[in-house]
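Read off the chains here:
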Amino acid sequence: MSEEQTVSLIDILEEDEELEEEASAVLAGSDSDHCSYPQGYVKRQALYACNSCRPKGGEAAGVCLACSYKCHEGHDLFELYTKRNFRCDCGNKKFTELKCKLNPVKEEVNALNKYSHNFSGLYCTCSRPYPDPDDQVEDEMIQCVVCEDWLHGRHLGRVVPDCVELQEMICESCMNKNPFLWTYAAHLSGKPGCSSHLSGNYREEAAPSCRLKELRAIGQQRSQSGAVFWPSGWRSKLCSCSTCKDDLSGADLSFLLDESDTVLAYENKGKTNEQRQPGHDPLMSALDNLNHVQQLEIIHGYNDMKTELKDFLQRFAEEGKVSLGVRFFA
């Protein structure tokens with residue numbers, strides 16, 4: 001039997017633990033107890049859109065993590081992961097029948113908030129929900145660092161690399177809206193492989209007055225189609241001369257010069273917050289905000305899932321397809 005067919009219980013548990021850590025990092029980066037509205041347009045935070053509170057044909061709105069727990073308990077929520085520079089809408093003019101329980105005094109609208117079809121529970125260029133009950137194809141969703149939409153890997157127009165170094169993606173649409181990015185992409189090691197350094201023609205040490213102008217003069221070309229995956233630290237390679245800063249500001253892309261804007265930086269902040277508060281688990285905080293009946297339903301559901309998983313793995317073990325952790329203890 002080939003190695004590819006062997007799945008250990010340890011592998012499953014480790015994957016589950018990784019997913020839980022990722023979810024905890026996302027939640028721990030935001031405040032689960034206090035509405036974020038007083039903080040203004042938060043640099044990055046976990047957000048939700050409430051389908052229950054939005055009237056048919058109503059305007060898009062987003063609520064912070066704490067409001068999703070305190071004000072929208074039991075509602076049909078669209079999880080938006082994280083968004084940048086957003087101010088909580090909970091209870092403002094967009095909510096005709098709801099007042100925020102945590103911070104009821106708010107302006108009618110947050111004029112600087114940006115909304116997309118994500119706030120209607122739709123994602124990608126295909127504008128489909130996620131998970132999609134009509135889509136039987138297993139595929140990962142990847143977030144564009146510019147528009148912050150989530151796209152199916154198969155709709156990116158290129159092969160998704162496996163390398164952990166390639167941590168950020170810009171979709172083809174955003175690349176075409178900001179064509180100067182193609183110049184930078186041409187000078188990164190943009191092959192489908194794992195390289196995370198700039199090409200040999202990129203002379204950062206020369207400290208040119210305008211890095212972008214120098215790159216254009218070199219004239220290196222690459223195919224201007226499909227999404228672009230950027231190597232770790234790529235933002236620090238962008239030109240920060242006064243002209244480029246003004247251009248980025250005019251295109252509303254100043255955040256590209258900020259390394260702390262990345263989702264990775266946000267998640268690391270969440271992990272640090274968790275370490276500082278070892279007794280506080282944002283996932284358990286969410287459970288605490290449910291009523292007794294809902295808590296019992298989740299607990300029973302979790303126990304049922306464990307039983308079904310055990311039976312599922314046992315069948316595979318009897319067929320010799322699953323190792324139940326013998327290699328771990330060997």
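What counts, and at which threshold
- Residues numbered from 1 in each chain as written.
- Predicted model: local features only at pLDDT ≥ 70, side-chain atom pairs only at ≥ 80, totals over all residues.
- Heavy atoms only, no water.
- Core = buried A, V, L, I, M, F, W, Y, C linked by side-chain atoms within 4.5 Å.
- Buried < 20%, exposed > 50% of the residue type's maximum accessible area, 1.4 Å probe, protein only.
- Helix = DSSP H or I, 4+ residues; strand = E, 2+ residues; numbered from the N terminus.
- Contact = heavy atoms within 4.5 Å.
- Phe/Tyr/Trp six-rings, centres within 6.5 Å; stacked < 30°, edge-to-face > 60°.
- Axes fitted to C-alpha atoms, helices over the stretch in contact; angles between N-to-C directions.
- Parallel < 35°, antiparallel > 145°, perpendicular 65-115°, else oblique.
- Left-handed = near helix turned anticlockwise from the far one by under 90°.
- Nonpolar A, V, L, I, M, F, W, Y, C, P; charged D, E, K, R; others polar.
- Pairing = 2+ DSSP bridges.
- Salt bridge = Lys/Arg side-chain N within 4 Å of Asp/Glu carboxyl O.
- pLDDT = per-residue confidence, 0-100.

**Focus on the nonpolar core**
Within the largest apolar cluster, 35 residues are counted, with the highest numbers of intra-cluster contacts made by Cys144, Leu156, Met169, Ile170, Met175, Tyr184 and Trp230. Looking at which element gives the most residues to this core, the answer is helix 4 (residues 180-187), with five residues. By size, the runner-up hydrophobic cluster in this structure holds 19 residues, among which are Cys50, Val63, Leu65 and Cys71.

**So, the side chain of Arg235**
As for its placement among the helices and strands, Arg235 is situated in the loop between strand 8 (228-231) and helix 6 (242-250). Residue contacts for Arg235: discarding those within four places in its chain leaves Arg84, Val145, Glu168, Phe255, Leu256, Asp258, Glu259, Asp261 and Thr262.

**Quick notes on the packing of aromatic side chains**
By the definition in use, this model includes six aromatic pairs. Each ring, one from Phe86 and one from Phe119, has its centre 5.7 Å from the other, and the planes form 20°; the classification is stacked. Taken together, the residues span a long stretch of sequence, with Phe86 in strand 4 (residues 77-86) and Phe119 in the loop between strand 4 and strand 5 (141-143) at a distance of 33 residues. By relative accessible area, Phe86 is classed as buried at 1%. On the basis of relative accessibility, which here comes to 3%, the residue Phe119 falls in the buried class.

**Structural notes on the packing of helix 4 against helix 5 (residues 211-218)**
Between helix 4 and helix 5, whose axes approach to 10 Å, the crossing angle comes to 70°. By the angle between their directions, the pair helix 4 and helix 5 is classed as roughly perpendicular. For the pair helix 4 and helix 5, the crossing hand works out as left-handed. Along its contact with helix 4, which presents Phe180, Thr183, Tyr184 and His187, the element helix 5 presents Leu212, Leu215, Arg216 and Ile218. Per-class residue counts for the contact of helix 4 with helix 5 are five nonpolar, two polar and one charged.

**Considerations on the sheet that holds strand 4**
Ordered by their spatial adjacency, three strands build an open sheet running 3-2-4, and the pairing between neighbours is antiparallel. Bordering the open sheet on either side are strand 3 (63-64) and strand 4, each of which pairs with just one other strand. As defined by bridge partners, strand 2 (residues 42-50) adjoins strand 4 across seven bridges and the pair is classed as antiparallel. When the bridges of strand 4 are listed, Arg44 appears paired with Arg84.

**Here we look at the pattern of salt bridges**
For the coordinates displayed, the defined rule picks out 12 salt bridges. Note that Arg44 and Asp261 form a salt bridge whose closest N and O atoms lie 3.6 Å from each other. Taken together, the residues span a long stretch of sequence, with Arg44 in strand 2 and Asp261 in the loop between helix 6 and helix 7 (263-276) at a distance of 217 residues. Each member of the pair, Arg44 as well as Asp261, is classed as buried. What emerges from the salt-bridge pattern is a single network uniting Arg44, Arg84, Glu148, Glu168, Arg235 and Asp261.

**Quick look at the confidence of the model for the chain**
A low pLDDT score tells you not to read the predicted coordinates there in detail. With 69% of its residues at a pLDDT of at least 70, the chain reaches an overall mean of 81. When pLDDT is averaged over each helix and strand of the chain, the minimum, 32, is found for helix 10 (residues 326-329) and the maximum, 98, for strand 3. Confidence drops under a pLDDT of 50 for residues 1-5, and excluding neighbours within four residues, the segment shows four contacts in the predicted structure. Contacts for the low-pLDDT stretch residues 321-330, under 50 throughout, to residues beyond four places or in other chains number 24 contacts.

**Observations concerning unusual backbone geometry**
Omega for the peptide link from Tyr130 to Pro131 comes to 0°, which places this bond in the cis form. Inspection of the secondary structure puts Pro131 in the loop between strand 4 and strand 5.

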